[in-house]
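What follows is each chain in one-letter form.
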Amino acid sequence: TNLREDAIVILKDRAPGTFVIRDSNSFPGAFGLALKVAHLPANVQAKPGSDPQTELVRHFLIEPTPKGVRLRGCSNEPVFGSLAALVYQHSITPLALPCKLALPDAGDTVDGPGSPEITSPTE
């Protein structure tokens, strides 16, 4: 299954700021961040005949570094000590992303093709 395509299916009809983080297909140890945005970036043209909603799902690579993780190719992005720290900071300010990440409310789940069931550990 193509996790990138699954992310597009999950996100294309969601609100801007909704995101999915998955293992990267191309870069072992890295993560793919798929993010729904409100508008195409100025330097991006929609592909002829494509669904405009799928074009609004943008993809970023979160790469591991010796000190944590960072968005690849963004010189103004700091290194974060954990994936959770990166997500939290980008929910406050977008930094190099096109918009802030929208954190789900407690109990929200995204059901998509092949999505794992998320359960809370019992106390």
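Only a predicted model underlies this, so the values are computations on that prediction, with no experimental measurement involved.

### Comments concerning a nonpolar patch on the surface
Side chains of Tyr88, Ile92 and Leu103 sit close together on the surface and give an oily, nonpolar patch of about 310 Å² of accessible area. Relative to the elements of secondary structure, tyrosine 88 occurs in helix H3 (residues 83-92).

### Points about the pairing of strand S4 (residues 68-71)
Residues Gly68 and Arg70 point to one face of S4 and Val69 and Leu71 to the other, with burial holding for every one of them. Of the strand pairs in this sheet, strand S3 (residues 57-65) and S4 are connected by four bridges, and their pairing is antiparallel. Its bridge partner being in S4, glutamate 63 is matched across the sheet by arginine 70.

### Section: the environment of glycine 29
Note on placement: glycine 29 falls in the loop between strand S1 (19-23) and strand S2 (31-36). You can call glycine 29 exposed: its relative accessible area is 55%. Distance from glycine 29 to proline 64, taken between C-alpha atoms, is 6.8 Å for residues 35 residues apart in sequence.

### With respect to the environment of alanine 102
Within the secondary structure, alanine 102 is located in the segment after H3. Classification of alanine 102 by relative accessible area gives partly exposed; the value is 38%. Along the sequence, alanine 102 and glycine 17 sit 85 residues apart, while their C-alpha atoms lie 4.8 Å from each other. For alanine 102, the contacting residues outside a window of four places in its chain are Gly17, Thr18 and Phe19.

### With respect to the sheet that holds S3
The strand order S1-S2-S3-S4 describes an open sheet built from four strands, whose pairing is antiparallel. Lying at the two open borders of the sheet, with one neighbouring strand each, are S1 and S4. The sheet shows a mean angle of 25° between the axes of neighbouring strands, direction not considered. The strands that helix H1 (residues 3-11) touches are S1, S2 and S3; relative to S1, the one it contacts most, it runs at about 165°. Sitting on the sheet, H3 touches S1, S2, S3 and S4, and the angle it makes with S4 is about 40°.

Here is what the cut-offs are and how they apply
Residues numbered from 1 in each chain as written. Predicted model: local features only at pLDDT ≥ 70, side-chain atom pairs only at ≥ 80, totals over all residues. Heavy atoms only, no water. Patch = residues over 30% accessible without salt bridge, like charges linked within 9 Å, V, L, I, M, F, W, Y side chains within 5 Å. Areas by Shrake-Rupley, 256 points an atom, 1.4 Å probe, with all protein chains shown as cover. Salt bridge = Lys/Arg side-chain N within 4 Å of Asp/Glu carboxyl O. Helix = DSSP H or I, 4+ residues; strand = E, 2+ residues; numbered from the N terminus. Buried < 20%, exposed > 50% of the residue type's maximum accessible area, 1.4 Å probe, protein only. Pairing = 2+ DSSP bridges. Contact = heavy atoms within 4.5 Å. Axes fitted to C-alpha atoms, helices over the stretch in contact; angles between N-to-C directions.

Note that all results are geometric; they support no functional claim without further evidence.
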